[in-house]
Amino acid sequence: MEFITDIISKEVSEAFERAGYDPALGKVTVSNRPDLCEYQCNGAMAGAKRYHTAPIKIAEAVAAVLKDNPMFEEAAAIAPGFLNLTLSGAFLASYAENMASDGHHGIRLPKPETIIIDYGGPNVAKPLHVGHLRSAVIGESIKRILAFEGHHVIGDIHLGDWGLQMGLIIEELRDRKPELVYFDESYTGAYPSEPPFTLADLEEIYPAASARSKTDEAFAARAHEATGKIQRREPAYLALWQHIMAVSVPDLKKNYRKLNVYFDLWKGESDAMPYIPDMVQDFKDKGLAYLSDGALVIDVAEEGDSKELPPCIILKSDGASLYQTTDLATIVEREKLYHPDRMIYLTDKRQEMHFTQVFRVARKAGLVPDDTDLTFIGFGTMNGKDGKPFKTREGGVMRLEYLLSEINKAVYDRMMENRSVDQAEAAEISDIIGLAALKYGDLSNQASKDYVFDVERFSSFEGNTGPYILYTIVRIKSILRKYEESGKAVSGAFPVPESASAKKLLLELVRFPELYDSVQAEYAPHRLCAYIYDLANEFNHFYHETKILGETDEQLQAGYIRLISYTRELLESCIDMLGFSAPEKM
Ligand code: ARG
């Protein structure tokens, strides 16, 4: 569907032409003074010099042409030469009608691409903490935003499953249970299928081992060695690694499910391993990689860099691969298996340099075709009210589960204050609302910025919050339910708005296709949040000014119902793109 500003621009351009001026001057934008008009065109100002004519004269000539155009209720020339446009209600209603019936809210559909989005990135056997929360929340939203316009989007969790934490766990286990067959070097049989530890054991073993490695050098060295043995796939070590994975991954799945985050691929760094040897050989064959202090490196600095970019280390002097090596090999793997048009990565913005290095090596070595887009989206830190990275009351790293329960409890308390539902219901609904509070609180900020996690504010039912958006949807659902209970069906056409508040609601609705376009182009869920906040406000304003269920003119009422029912539909599509949903009541 064409954007509404393009349709209006076309009409105004034609008017410029008929008045004897360049049609290119007829570009229309949403008014930056909504108190004066709805859309505006500043073309007369731009054309004044060229035509040696006062801008107001040009604007007046164009306004005269537009005078009887049914698209406009008013086209006014305003000193010194603005063209202020007020749309006709009938035009707005017909645009909304088309949006509602095209199946994707009037957005422009691009040529479908295959897009891999790498988000999540938890490290197996380490607790999932808030650092990984933003990645999951923002990544899931971007994934849904891109899928909305028809792309084939593949979300990959890219587990940190091949690091030192594995060696630490194994060595700690050896000291605690030396009798296990994995530690018997003379053992040649098959290893047990039952893991020698539980999730609770692991949750205790890893922090203990990690702390110990900081003071016990010999232990740290053993852990490094054990990690190397996993990487060289020694059977006993590989068997233990598999047990760690089998115990941890279901728990991770459970946690992500609670966040309403779903990955298509549960791959990890370990999956990239088989691609490393050939890739490294290729770097050497192409003359890109060279030895520097025993390490194999590739230069990535380019002319015009504002910051000095050190060479990318591919292999350490002991031959071990690094984080960047696995990321490069993962690109090789993804290219081979999925041949994506884009790869998008989400991590804390402190990893920016890492990705700059990785992308440059990938380009230099031709790991992907030149037109494959590689994008890094770095996000800021989630801080506590003191402006410092979020910690528990006890000062430890905040765990995700704890955070979720905090916010769900705040929502529950508020529902109990309002007494809108009974205890059991509140308990059930508070999870849904809590998730919206958490996600909206995060997504409504520009991703690259740090933000303050404020449970009180995020869980409020008023203001720019997730619960407020849900409350608005629930309110519409309740009106629709009552309307249907009275035996009527939602079937009317969009009404030609009679009141100012109905018109403003329609004006907000028809902005969506263009707004969505900038959201997808900029990977900017925060703009979608700002939009639904405006939309919810316009709805609530309309609701307070209008008798909907009490309206006796049935046709008028049917029109209102259609208007709010579509508002609900659009709001629900948007929150689905943000990764949360609305309850039936609250
Ligand atoms: N596991 C990493 C971390 O916790 C994040 C992984 C992000 N994805 C990637 N392809 N490097 O920092």
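Residues numbered from 1 in each chain as written. Predicted model: local features only at pLDDT ≥ 70, side-chain atom pairs only at ≥ 80, totals over all residues. Heavy atoms only, no water.

### With respect to the overall build of the protein chain
Then step 1. A count of helical and extended segments in the protein chain gives 20 helices and 13 strands.
Then step 2. In terms of principal-axis extent, the alpha carbons of the protein chain reach across some 95 × 65 × 40 Å.
Then step 3. In the protein chain, which comprises 586 residues, the proportion classed as buried is 53%.
Then step 4. Taking contacts inside the protein chain between residues at least 6 apart in sequence as the whole, the part at least 24 apart equals 72%.
Then step 5. Carbon together with sulfur atoms contributes 50% to the accessible area of the protein chain, which is approximately 26600 Å² in total.
Then step 6. The distance from the centre of the 64 positive side-chain charges to the centre of the 89 negative ones in the protein chain is 2 Å. (Helix = DSSP H or I, 4+ residues; strand = E, 2+ residues; numbered from the N terminus. Buried < 20%, exposed > 50% of the residue type's maximum accessible area, 1.4 Å probe, protein only. Contact = heavy atoms within 4.5 Å. Areas by Shrake-Rupley, 256 points an atom, 1.4 Å probe, with all protein chains shown as cover. Lys, Arg positive; Asp, Glu negative; His and termini not counted. Charge placed at Lys NZ, Arg CZ, Asp CG, Glu CD.)

### Brief notes about the state of the cysteines
Then step 1. Following the criterion strictly, the structure yields zero disulfides and no others.
Then step 2. No disulfide involves Cys 574; its sulfur sits 9.5 Å from that of Cys 529, the nearest cysteine.
Then step 3. By relative accessible area, which is 0% here, Cys 574 ends up buried. (Disulfide = S-S within 2.5 Å.)

### As for the sheet that holds strand 7 (residues 289-292)
Then step 1. The strand order across the open sheet built from three strands is 7-8-9, with neighbouring strands paired in antiparallel fashion. Because the sheet does not close on itself, it has two edges, and the strands there are strand 7 and strand 9 (312-315). On average, each strand axis in the sheet is tilted by 45° relative to the strand beside it, whichever way the strands run.
Then step 2. One ladder, built from four bridges, connects strand 7 with strand 8 (residues 295-298); its direction is antiparallel. Along strand 8, the bridge assignment pairs Leu 291 with Leu 296. (Pairing = 2+ DSSP bridges. Axes fitted to C-alpha atoms, helices over the stretch in contact; angles between N-to-C directions.)

### Quick word on the site of the ligand
Then step 1. With respect to spatial proximity, the complete set of residues near the ligand consists of Asp 118, Gly 121, Asn 123, His 132, His 158, Tyr 323, Asp 327, Tyr 345, Thr 347, Gln 351 and Phe 355.
Then step 2. Asp 118 is positioned with one of its side-chain polar atoms (N or O) 2.8 Å from a nitrogen atom of the ligand.
Then step 3. Between the ligand and Gly 121 there is a distance of 2.9 Å, counted from a nitrogen atom to a backbone nitrogen or oxygen.
Then step 4. Looking at the shell around the ligand, the elements with two or more residues in it are helix 11 (323-338) and strand 10 (342-348).
Then step 5. Residue classes in the shell around the ligand are distributed as three nonpolar, six polar and two charged. (Near = heavy atom within 4 Å. Polar contact = N/O pair within 3.5 Å; in protein donor to acceptor, adjacent residues only side chain to side chain. Nonpolar A, V, L, I, M, F, W, Y, C, P; charged D, E, K, R; others polar.)

### Quick look at the environment of Arg 18
Then step 1. Of note, Arg 18 is situated in helix 1 (residues 4-18).
Then step 2. Each C-alpha atom of the pair Arg 18 and His 152 lies 45 Å from the other, and the pair is 134 residues apart in sequence.

### Description of the nonpolar core
Then step 1. In this structure, Ile 8, Val 12, Leu 85, Leu 259, Phe 283, Phe 453 and Phe 512 are the most contacted members of the largest nonpolar core, which totals 186 residues.
Then step 2. Ranked by residue count, the leading element in this core is helix 20 (residues 554-578), at 13 residues.
Then step 3. Setting aside chain neighbours within four positions, we find Phe 283 in contact with Leu 288, Ala 289, Ile 298, Ile 314, Leu 328, Val 361, Ala 365 and Leu 367. (Core = buried A, V, L, I, M, F, W, Y, C linked by side-chain atoms within 4.5 Å.)

### Overview of the sheet that holds strand 6 (residues 152-156)
Then step 1. One open sheet holds the four strands; their spatial order is 6-5-10-11, and the pairing between them is parallel. Of all the strands in the sheet, just strand 6 and strand 11 (373-379) have a single pairing partner and so form its edges. Averaged over all pairs of adjacent strands, the angle between strand axes in this sheet comes to 20°, irrespective of strand direction.
Then step 2. As defined by bridge partners, strand 5 (residues 114-118) adjoins strand 6 across five bridges and the pair is classed as parallel. Looking at strand 6, one finds that Asp 118 is bridged to Asp 156.
Then step 3. Contacts from helix 12 (residues 352-364) reach strand 10 and strand 11, with the element oriented near 175° to strand 11.

### A look at the packing of helix 5 (residues 130-148) against helix 18 (residues 512-522)
Then step 1. Here helix 5 crosses helix 18 at 130°, and the two axes come no closer than 10 Å. Relative to helix 18, the element helix 5 lies oblique. In the packing of helix 5 onto helix 18, the handedness of the crossing is left-handed. Residues Ile 145, Leu 146 and Phe 148 of helix 5 touch helix 18, and the partners they reach there are Phe 512, Tyr 516, Val 519 and Gln 520.
Then step 2. When its residues are assigned to classes, the contact of helix 5 with helix 18 shows six nonpolar, one polar and no charged. (Parallel < 35°, antiparallel > 145°, perpendicular 65-115°, else oblique. Left-handed = near helix turned anticlockwise from the far one by under 90°.)

### Focus on a nonpolar patch on the surface
Then step 1. Taken together, the side chains of Met 45, Ile 78 and Phe 82 present a nonpolar region at the surface, about 220 Å² in accessible area.
Then step 2. Residue class for Ile 78 comes out partly exposed when judged on its relative accessible area of 35%. (Patch = residues over 30% accessible without salt bridge, like charges linked within 9 Å, V, L, I, M, F, W, Y side chains within 5 Å. Salt bridge = Lys/Arg side-chain N within 4 Å of Asp/Glu carboxyl O.)

Remember that the coordinates give geometry; whether it matters functionally is a separate question.
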